[in-house]
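Chain by chain, the residues run as shown.
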Amino acid sequence: MTKRTRRPDVEGRSKKLWLNGDGTCDVELIPSLRSFTYDRDALMPQTAALRLDFYEAAAERLAGKGVNTVFRERLDSISYRADYVPAPPFEVIVKNVATGSTVRKYPGLFPEGHRFQPPVVKFDYRIDPEDQPIGEDYLRAAGVDVTSFRDCALRCNDALRSWLAPLDLWDFCLVVGVGADGEPVVNSEVSPDCMRLRDEAGNPLDKDLFRQGADETTVVRAWTDLVRRMRG
């Protein structure tokens with residue numbers, strides 16, 4: 001791990017961030033997994049490197065499809081250098097399948113497993129203890145270019161589904177910021193920690209394993225196999 005001589009400029013539940021003064025930052029992942037719905041919070045040390053393994057490969061794939069991310073280069077097993085783009089207080093979620101909060105918060109609207117055609121894009125305001133849906137008109141009033149953020153998320157969805165197939169991407173969340181060129185840029189990691197992904201038999205390959213009570217050995221084994229598969 002890279003040694004740092006000062007405290008991080010920003011520290012959250014999943015990462016620490018150091019500003020470099022040249023428009024970049026260094027990010028170190030914290031091996032934490034959290035589920036508000038299932039009231040589970042744990043540190044699983046081996047998961048941070050696997051998240052970064054996946055993110056590094058995903059960032060390369062997204063760049064090849066014209067989707068901008070802040071990722072620049074890997075520094076060590078759990079750290080990377082990125083363009084510094086301030087994160088807005090909301091995230092963008094793409095839903096290909098009705099599951100999770102969709103059926104929990106809107107009971108009776110869609111059955112579990114309903115497939116959205118086209119995908120649904122929604123925005124959640126990031127706040128403890130649980131993120132809350134926010135109306136798009138609030139975001140427009142705050143100066144957010146909702147259309148460009150939506151387009152960025154959908155292009156990301158297309159690129160990820162193409163890359164991950166025949167695995168089934170049910171949903172994922174992103175933090176999208178505005179880059180120096182004024183265009184949307186994916187500012188968050190893309191990893192099994194922020195998506196729902198199923199194998200050909202319908203088994204979870206993502207944080208749902210943790211939500212369902214799996215121990216670190218089980219999560220690490222599944223994510224190691226996933227990374228190996230996507231690199232291969």
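The numbering scheme is per chain: residues are counted from 1 as the chain's sequence reads. Confidence filtering applies because this is a predicted model: local features only for residues at pLDDT of at least 70, side-chain atom pairs given and counted only at 80 or more, and all residues used for totals across whole chains, interfaces and linings. By convention in this description, side-chain values take in all heavy atoms of the structure and omit both hydrogens and water.

Draft legend 1. Representation of the packing of aromatic side chains. Aromatic rings from Phe, Tyr and Trp, with only the six-membered ring used for Trp, were paired whenever their centres fell within 6.5 Å, and each pair was classed as stacked if the ring planes differed by under 30 degrees, edge-to-face if by over 60, and tilted otherwise. With the rule as written, the count across this model stands at seven aromatic pairs. On the numbers, 5.3 Å between centres and 55° between planes, the contact of Phe54 with Trp163 is tilted. One end of the pair, Phe54, is in helix H1 (residues 47–64); the other, Trp163, is in helix H4 (residues 146–164), and 109 residues separate them in sequence. Here's how the labels work: a residue is buried when its accessible area is under 20% of the maximum for its type, exposed when over 50%, partly exposed in between, all with a 1.4 Å probe on protein chains only. On the accessibility criterion, Trp163 (13% relative accessible area) is buried. Clustering of aromatic rings is evident, with ring pairs tying together Tyr55, Phe71 and Tyr80. Numbering of helices and strands starts at the N terminus; helices are DSSP runs of H or I of at least 4 residues and strands are runs of E of at least 2.

Draft legend 2. The arrangement of the pairing of strand S3 (residues 24–29) in detail. With six of six residues buried, S3 is to be regarded as a mostly interior element. Burial of S3 is two-sided: the residues Thr24, Asp26 and Glu28 facing one way and the residues Cys25, Val27 and Leu29 facing the other way are all buried. Counting the residues in the hairpin turn of strand S2 (residues 15–19) and S3 gives four residues, including Gly21, whose phi is positive at 85°. With five bridges joining them, S3 and strand S7 (residues 79–83) adopt antiparallel strand pairing. Any two strands between which DSSP finds at least two bridges are classified as paired.

Draft legend 3. Spotlight on the pattern of salt bridges. For this analysis, a salt bridge means a side-chain nitrogen from Lys or Arg found within 4 Å of a carboxyl oxygen belonging to Asp or Glu. Per the counting criterion, the structure on display carries 25 salt bridges. For Arg72, the salt bridge identified is with Asp83, shortest N-O distance 2.5 Å. Separated by 11 residues along the polypeptide, Arg72 in strand S6 (residues 71–74) and Asp83 in strand S7 bring together distant segments of the chain. Assessed through its relative accessible area of 25%, Asp83 is described here as partly exposed. The residue Asp208 makes a salt bridge to Arg196 at a minimum N-O spacing of 3.3 Å.

Read these as geometric descriptors, not functional statements.
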